[in-house]
Amino acid sequence: MAARLTPGLERRLKAEVSGDVWFDRFNRGRYATDASFYQIMPLGVVVPRTTEEAERAIALARAEGIPVTPRGGGTSQCGQTINDSLVIDGSKHLNRILELDVANRRCVVEPGIVLDDLNRALKKHGLWFPVDVSTASRATIGGMAGNNSCGGRSLRYGTMRDNVLSIDAMLADGAKAHFGAVDHNLSSLPPDSPLAPLARDLFDLGAREAGEVAARFPAVQRRVGGYNLDALVPNPAGSNLAHILVGSEGTLAYSTRIELKLWPLIGKKVIGACHFGSFYQAMDAAQHLVKLKPIAVELVDSTLLALAGDIPMFQATLKQFVRGTPAAILLVEFAEDEAENERRLKLLEDTMGDLGFGWDREGARWGGVVSVREAGLQAAIADVRTSGLNIMMSMKQAGKPVSFVEDCAVPLPHLADYTARLTEVFERNGTRGTWYAHASEGCLHVRPVLNLRLEKDVKAMRAIAEEAFAMVREYKGSHSGEHGDGIVRSEFHETMFGSRLVHAFEEVKDRFDPNGLYNPGKIVRAPKFDDRSLFRYAPDYKVAPIKAALDWSGYSGEGGGLQGAIEMCNNNGACRKAAGGVMCPSYRVTRDEKDVTRGRANTLRLALSGRLGPDALASDEMMETLKLCVSCKGCRRECPTGVDMAKMKIEALAARAKAKGITLHQRLVAYMPRYAGLASRVPWLLNLRDTLPGAAKVSEVLAQFSARRSLPRWRADAFREEAVAFGPEGGREVVLFADTFNRWFEKENVVAALEVLTAAGYRVHMPRPVDGNKRALCCGRTFLSAGLVDEAKAEARRVVDTYAPFVARGVPVVGLEPSCLLAFRDELPSLLPGEGTQMLSAHALLIEEFIAREIDAGRFDLPLAPLAEKALLHGHCHQKSFGAMGAVEKALRLVPGLHVETVESSCCGMAGAFGYHSETIDTSLAMAELSLLPAVRQAEAGTLIVADGTSCRHQIHDGAARDAVHVVAVLAKSLAAARAGTPARQMEAAE
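Definitions and cut-offs
Residues numbered from 1 in each chain as written. Predicted model: local features only at pLDDT ≥ 70, side-chain atom pairs only at ≥ 80, totals over all residues. Heavy atoms only, no water. Pairing = 2+ DSSP bridges. Helix = DSSP H or I, 4+ residues; strand = E, 2+ residues; numbered from the N terminus. Contact = heavy atoms within 4.5 Å. Axes fitted to C-alpha atoms, helices over the stretch in contact; angles between N-to-C directions. 1 Å grid on protein atoms, 1.4 Å probe; cavity = no way out; pocket = protein on both sides within 12 Å on 5 of 7 lines; lining within 4 Å. Points joined across faces, edges and corners; volume = space filled by probe spheres on them. Nonpolar A, V, L, I, M, F, W, Y, C, P; charged D, E, K, R; others polar. Parallel < 35°, antiparallel > 145°, perpendicular 65-115°, else oblique.

Visitor: Please set out the sheet that holds strand β25 (residues 844-846) residue by residue, giving values where relevant.
Guide: In space, the five strands of this open sheet follow the order β21-β23-β22-β24-β25, with mixed pairing throughout. At either end of the open sheet lies a strand with only one pairing partner, and these are β21 (725-726) and β25. The sheet contact formed by strand β24 (residues 813-815) and β25 spans three bridges and is parallel. Among the inter-strand pairings, Val814 is bridged to a residue of β25, identified as Leu845. Running at roughly 145 degrees to strand β23 (residues 762-765), helix α33 (residues 747-759) makes contact with β21, β22 (732-737) and β23 of the sheet. Relative to the sheet, helix α35 (residues 789-808) contacts β22, β23 and β24, its axis offset from that of β22 by approximately 160 degrees.

Below, the structure is given as structure tokens:
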């Protein structure tokens, strides 16, 4: 079907579909890529609210002669979910569990439901859906069915095909059909079923091609290439017609209901981390280790270990299970009863010994087993393993690991030779490969490092593909063992299956979809996989020179590396997760591609490369794209490729401020540190906004401060230093940074910090600014929030110069407000690159980090008394981004008898000024309601609510009518209680 521009389609869709309908460049651009290296701009995007709306949109597209591409999480690695078509995104609304039959272990779901969301709902029933793909936090069941996904435990549970019982779908002509188990004579189908003539043709084709299928289809479990013709060959036990749709990549029909087979939850697991001194020996050992009947054997190679070691969120995990410097680790997982698990672990150790490996050996035979029994560590290891692809993509160089021979599957006895020969192929073509994933199935994810902007590397990719696929055929394996065909592998079906079966594939497509309505160009009649016009970085891709506001020198490209930093996003979609961690909090509320880190990064990349029109970086559309980014920095830590959207947003805001200035709202927020001293002298005047009837509404109209939100109260008794140093002269030195928010609005926290530090014996410095200006020091964050980078630099310079003498002699700089203090570690080095800033960054600590460090060093001695039985702790996003939550918990546990429970929460929703703005307050409140506010409301009256962020405390107060306190205020109160005297029983408990 030839795609053509049809202005009437947009008009009709908007009239007849209540969901989102987008035909603008910005939204289309966000759907032009998936996790492959391709980019194809769609004609439009529809986000239907109901199945009926999806069907109506497809009917309108059919009438207009426009092809349709179904899309879920958009994480396909072969280009399955991109096309010059109308995209139907079912991930936002079409995500319900329609039926759940616990007794018979089955459920029916809509195609847009995410695997992790499904399994969270099933867990309380003791069930799960076990096709546990690494993208489980964002992969939709419809997409998994379309790809015939496999997951890490397919050794026991099989592939998607083995676990799909039936599919309801709309055919290309609009007819609706139920694809499920049938007899070959079709007697079980109703006489008037629209599926009957189609099924008869399909079974006739299967009978005709049975011999060819037997001869040419690889005899490995992980064969997901082409159409599943083997589901159509004569079978006395009957066939399941749903299996022809599984793996069809949305090319045959539009799935509306998918019936799944469910399994009992896995019980207690153990992992044997088998270390090897040689990659070849690890691959050779796999065939022997699977004889112990594990549920999975996963590979982690030395490259992945090295890259993961540079990513903060993985460092602690690696230290706990990696011994020495292995060339490879095979993670062998058992999930039987406890006694059997231990028996198999012992067998694993014996088998490794029998194969000649030992910790006392050297070279290729060095190795052994590290046993992992603790569930928390197992989960952390799983995070490393499932993030393997994205960890590999975290390389900052221009060349990146490229997926095109990634998931070839070969029989296990040939695995070691295959990997060795493929490594030689890489070397002949001037590159190397990265390896990880499913050793148990002979399906290793391998990616040669290439720069696809270079013609020579594109030619190398072609040469590698042809040699690799020839080897796979030689070993009677599958060239597609997990990720499907898409654009990458469809071209190679003829060499893999032969021309006769490829013709049969075309017959299947034509019988289902004679006019090419559904996702044309995938599986059959595909373009060349190295057609550079389809690449994300096509030959005409170019970024115009740009002067960045921040330092991006760790990356390559224009803007001093800004281009390279933005291009680190490979569309893996980890930011689309709905639970766990922080990112991406606004997406968790809206479920819109615009509001996820991936969508923002794609928009920035398209803007810099001129695909969104002139001056797109400073445009209204770009500001709309970034409006709900709360700069939480969750992506800084949790994005496996290191996309730091908070910093990137500063660049867009700076471009906007330079081109169009700033709003009154931005000005009032940005310059607050400079007028705060004056405001504190007339607090009654500014506080009228929240007391004078109608004043709040006026502020909303004039300055966009929502009338539904109270503002922080100015006070006359703000914190002003009476001296430049406090505490014993001989005490260990520390500098205390009093940030704008605690200084002017919550003086008690600064006073509490002084009390705690001096009581613990520290000499606390609060030096006056060296520039002679009496105005208090400021981190510059408020200016960055408006894109006023020069003003932020001026503030940063005052801080760096004032604290320079202290950090030069190793004195730590301690702060209370996470967003302010951590700016010293993050933004300041990008604002003012240089030795002085680096020294400050190296010595800057949150007060809880400082206390935790001193506790570990045996230097923190503070008499404390009991306060409460329990503390409910909410972490500020920046605390989480910098891994400081453990320090907060450790500091709180200094209080005798205090049980600390941390809320599993994302952003509180305030995010500085975000929660005050009239345009974003609804999103702010919705973020808080995801988990934080319900947890606070459920807390008992005597529970301490602890939150170190000023904005977090404000959100808790407004949303739950509870007063949250800073950790240092808790310690100060406990200290005061101890000084006042406590019962002997409590003192004994404290001791």
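Having seen the structure, we can now continue with the description.
Visitor: Summarise empty space enclosed by the protein; cite the residues concerned and give the values.
Guide: Gaps left between atoms are located by rolling a probe of water-molecule size over the structure's atoms. The full count for this structure, using the stated rule, is seven cavities of 30 Å³ or more. Quantified by volume, the largest cavity comes out at close to 760 Å³. The wall of the largest cavity is formed by 46 residues, among which Ser76, Gly142, Gly143, Met144 and Asn147 lie closest to the centre. Listed by contribution, the elements that provide at least two residues to the lining of the largest cavity are β3 (68-71), α5 (141-147), β12 (254-261), α15 (375-386) and β19 (433-438). No other element matches the six residues that α5 contributes to the lining of the largest cavity. Classifying every residue of the lining of the largest cavity by side-chain character gives 14 nonpolar, 27 polar and five charged.

Visitor: Can you explain the sheet that holds strand β27 (residues 899-902)? Please cite residues and give values.
Guide: The three strands lie next to each other as β27-β26-β28, forming an open sheet whose pairing is parallel. One side of each edge strand has no neighbouring strand; the edge strands of this open sheet are β27 and β28 (944-947). Taking the axes of each pair of neighbouring strands and ignoring which way they run, one obtains an average angle of 25 degrees across the sheet. Sheet topology note: the strand β26 (residues 870-874)/β27 ladder contains four bridges and is parallel. Looking at β27, one finds that Ala871 is bridged to Val900.

Visitor: So what's going on with the packing of helix α11 (residues 279-289) against helix α17 (residues 415-428)? Residues and values would help.
Guide: For the pair α11 and α17, the least separation of the axes is 7 Å and the interaxial angle reads 150 degrees. The angle between the axes of α11 and α17 places the two elements in the roughly antiparallel class. Of α17, the residues touching α11 (which contributes Phe279, Tyr280, Met283, Asp284 and Ala286) are Leu415, Ala416, Asp417, Thr419 and Ala420. Tallied by class, residues from the contact of α11 with α17 come to seven nonpolar, one polar and two charged.

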